[in-house]
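Geometric and topological summary
Listed here are the chains, written in short residue letters.
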Amino acid sequence: MSERPAGRPLRPAALVLDVLDTLFPLAPLEWRFREAGIPRVLMTRWSDHLLRDSFALALVGGDGADRSFEDVVRGALRDITGHQIAPSAEDAIIGGLAELDPRPEADAALRAARGAGVPVAVLGDHDDALARRLLERAGLPDLVEDVLAARPAGEWRPAPGAYRAAARSLGVAPERLALVTAHGWDVAGARHAGLVTGWSSHLEGRFPSVFAPPDVSDRDLARTVEGLLSLPAERP
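Residues numbered from 1 in each chain as written. Predicted model: local features only at pLDDT ≥ 70, side-chain atom pairs only at ≥ 80, totals over all residues. Heavy atoms only, no water.

Going by the annotation in an unreviewed UniProt entry, the name recorded for the protein is Haloacid dehalogenase domain protein hydrolase, with Nocardiopsis dassonvillei given as the source organism.

Below you can see the structure in the form of structure tokens.
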């Protein structure tokens, strides 16, 4: 059950932003797939397999504790290619994850939070080294208070423990932490954990109808953050 009190959410005391496909789009990996001789359509299948296996590990809990994000990425690549992918091509795609460029409004989104005096962190299922490298490459590390990794915390998203661990790391109650993400499933997981939720529609276009809607949404990542910061500071 959600820990968040009923009624309209309050302005968050801290923000956490998803990394892959929220701050850093995965689409540029397409050329690495092409160079590996993998048809373009299979990149979407790879992404689907990656999510499928991550969700399964979130459900089985401890049984997946010894699996890393890279294990899942490599497993999905092998699945979609019938285990015919060359090791060098596999390594090239994995390496490309650390060379992604940020969305144009990523800087503005992070600055909006920091300018409002709200601590901001990033969160991913991968280890923190990948997120740190992406932030440093983009010149953004000074805008982020902390880099959080769900996997070392022992949980795969969207299991609620991953989000609650992020709240503990930032020293706030779950209902005072907001997640900003481009994934509907991520909103659902965060909401179940009691977080305030902000969804940027730039990736999915329409919010999945099977989930309760986010507290704030916008196509622009920075405006999503600004919407969360505009929530009331206290209840009437």
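From this point, the discussion proceeds with the structure in view.
1. Comments concerning the domain arrangement of the protein
By the assigned domains, the protein splits into domain 1 (14–24 + 102–230) and domain 2 (28–97). Centre-to-centre, using C-alpha coordinates, domain 1 lies 23 Å away from domain 2. Each partner contributes to the interface: domain 1 provides 11 residues, whereas domain 2 provides 12 residues. Both sides of the domain 1 and domain 2 interface together cover about 950 Å² of buried area, and 72% of this is carbon and sulfur. Scanning the region where domain 1 abuts domain 2 turns up zero salt bridges. Counting across the interface, domain 1 meets domain 2 through zero residue pairs in polar contact (both at pLDDT 80 or more). Grouping the amino acids of the side of domain 1 that touches domain 2 by side-chain chemistry returns seven nonpolar, one polar and three charged. (Domains from an automatic or database assignment. Contact = heavy atoms within 4.5 Å. Buried area = accessible area lost by both parts, 1.4 Å probe. Salt bridge = Lys/Arg side-chain N within 4 Å of Asp/Glu carboxyl O. Polar contact = N/O pair within 3.5 Å; in protein donor to acceptor, adjacent residues only side chain to side chain. Nonpolar A, V, L, I, M, F, W, Y, C, P; charged D, E, K, R; others polar.)

2. Let's talk about the pattern of salt bridges
In total, this model carries 18 salt bridges according to the counting rule given. Here Arg 34 and Glu 30 are joined by a salt bridge, their closest N and O atoms 2.9 Å apart. Placement of the pair is Arg 34 and Glu 30 together in helix H1 (residues 30–35), with a separation of four residues, close to one helical turn. Across the salt bridge formed by Arg 223 and Asp 218, the nearest N and O atoms sit 3.1 Å from each other. Judged by relative accessible area, which is 22%, Asp 218 ranks as partly exposed. Beyond isolated ion pairs, a larger network of salt bridges with shared partners links Glu 70, Arg 74, Arg 78, Glu 90 and Asp 91. (Helix = DSSP H or I, 4+ residues; strand = E, 2+ residues; numbered from the N terminus. Buried < 20%, exposed > 50% of the residue type's maximum accessible area, 1.4 Å probe, protein only.)

3. Section: the sheet that holds strand E5 (residues 196–200)
Taken together, six strands build an open sheet; the order of strands is E3-E2-E1-E4-E5-E6 and the sheet is parallel. Looking at which strands have only one partner, the edges of the open sheet turn out to be strand E3 (146–149) and strand E6 (216–218). Taken over all neighbouring pairs, the strand axes of this sheet differ in orientation by 20° on average, direction set aside. Pairing analysis gives four bridges linking strand E1 (residues 14–18) to strand E2 (residues 120–124), with the strands arranged parallel. (Pairing = 2+ DSSP bridges. Axes fitted to C-alpha atoms, helices over the stretch in contact; angles between N-to-C directions.)

4. Examining the pairing of E5
Two faces, one strand: in a regular strand the side chains alternate between the faces of the sheet. Of all the five residues making up E5, five are buried; the element is thus mostly covered by neighbouring parts of the structure. Side chains Val 196, Gly 198 and Ser 200 project from E5 onto one buried face, and the interleaved Thr 197 and Trp 199 project onto a second face that is buried too. Sheet topology places strand E4 (residues 177–181) next to E5; four bridges connect them, and they run parallel. Within E5, the position partnered with Ala 178 by the bridge is Val 196. As a crossover connection, the stretch from E4 through helix H8 (residues 184–192) into E5 is right-handed. (Right-handed = clockwise from strand over helix to strand, strands pointing away.)

5. Topic: helix H9 (residues 221–229)
Of the positions making up H9, those classed as buried are Leu 221, Ala 222, Thr 224, Val 225, Leu 228 and Leu 229. Along the axis of H9, the buried positions cluster into a sector of 160°, meaning they face one direction only. Looking at the buried side of H9, the elements it contacts are E1, helix H5 (106–115), E4, E5 and E6. Measuring from the side-chain oxygen of the N-cap residue of H9 to the backbone nitrogen of Ala 222 gives 2.9 Å; that N-cap residue is Asp 220. (Arc of directions from axis to C-beta.)

6. A look at the pairing of E1
Summarising burial for E1: five of the five residues are buried, a large majority. Burial along E1 is two-sided: Ala 14, Val 16 and Asp 18 facing one way and Leu 15 and Leu 17 facing the other are all buried. Two elements, E1 and E4, share four bridges in a ladder whose sense is parallel. Residue pairing in the sheet places Ala 14 in a bridge with Leu 177 of E4.

7. Quick notes on the environment of Pro 213
As for its placement among the helices and strands, Pro 213 is situated in the loop between E5 and E6. Residue classification places Pro 213 among the exposed residues on the basis of a relative accessible area of 54%. Sequence separation of Pro 213 and Thr 197 is 16 residues, and the distance between their C-alpha atoms is 8.8 Å.

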